[in-house]
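Results of the structural survey
Below, each chain spelled out in residue letters.
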Amino acid sequence: MIVLKYKNGDHFIAREDKSFFIDNKTGERLRNDHLVTKVMDLASDHGKYGELYYASLQVNGEKLVEQGPFLFNKPVFPIEEAKEIIDYSMQLKDLKKITKGFRFTQRIKWNSDGVFVTSIGKVA
């Protein structure tokens with residue numbers, strides 16, 4: 001996957017097939033300098049090359065090319081990053097483990113007169 005980010009906030013994300021980073025004659029992966037050249041050529045094709053903030057090529061979780069971030073081209077407004085996905089089921093499981101065998105010792109009551117905290121008697 002190729003990710004390009006520009007100074008004006010534009011994003012370009014593309015999934016490239018194996019022919020992008022594999023040499024057709026030998027079937028081996030291209031050298032890093034060739035990959036950097038190909039990614040930068042693609043960056044100049046899709047936007048102003050002088051305004052490139054960040055460029056990367058990632059294949060199967062492995063970053064083959066990473067150029068930037070170029071701080072002088074930092075976007076004026078923040079780039080939206082991928083938000084962390086919260087797994088509420090895991091939080092609930094953890095809460096159940098933490099509170100297993102926990103007993104409340106006080107009772108809190110709210111009414112128009114205020115808040116009252118009273119002790120809970122022992123249950124036989």
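Just above sits the structure.
What you see is a predicted model, and the numbers here were worked out from it, not measured in a lab. (Residues numbered from 1 in each chain as written. Predicted model: local features only at pLDDT ≥ 70, side-chain atom pairs only at ≥ 80, totals over all residues. Heavy atoms only, no water.)

1. Section: the pairing of strand β3 (residues 52-59)
Within β3, 7 of the 8 residues are buried, which leaves it mostly tucked inside the rest of the structure. Sheet topology places β3 next to strand β4 (residues 62-67); 5 bridges connect them, and they run antiparallel. In the strand pairing of β4, Leu-57 is matched with Val-65. (Buried < 20%, exposed > 50% of the residue type's maximum accessible area, 1.4 Å probe, protein only. Helix = DSSP H or I, 4+ residues; strand = E, 2+ residues; numbered from the N terminus. Pairing = 2+ DSSP bridges.)

2. Examining a nonpolar patch on the surface
Together, Ile-108, Trp-110, Val-115 and Val-117 make up an exposed nonpolar region whose accessible area comes to about 450 Å². Taken together, the elements giving at least two residues each to the nonpolar patch come down to β5 (106-111) and β6 (114-119). Turning to its location among the elements, Val-117 is positioned in strand β6. (Patch = residues over 30% accessible without salt bridge, like charges linked within 9 Å, V, L, I, M, F, W, Y side chains within 5 Å. Areas by Shrake-Rupley, 256 points an atom, 1.4 Å probe, with all protein chains shown as cover. Salt bridge = Lys/Arg side-chain N within 4 Å of Asp/Glu carboxyl O.)

3. A closer look at unusual backbone geometry
Look at Asn-60: it is not a glycine, yet its phi comes out positive at around 50 degrees. Judged by relative accessible area, Asn-60 falls into the exposed class, the value being 81%.

4. Points about the sheet that holds β4
One open sheet holds the 4 strands; their spatial order is β2-β1-β3-β4, and the pairing between them is antiparallel. Whereas interior strands pair on both sides, the edge strands pair on one side only; in this sheet they are β2 (11-14) and β4. Taking the axes of each pair of neighbouring strands and ignoring which way they run, one obtains an average angle of 10 degrees across the sheet. Here strand β1 (residues 2-6) runs beside β3; their pairing, made up of 5 bridges, is antiparallel. Counted as the bridge partner of Tyr-6 is Leu-52 from β3. This element, helix α1 (residues 32-46), spans β1, β2, β3 and β4 of the sheet and lies at about 60 degrees to β4. (Axes fitted to C-alpha atoms, helices over the stretch in contact; angles between N-to-C directions. Contact = heavy atoms within 4.5 Å.)

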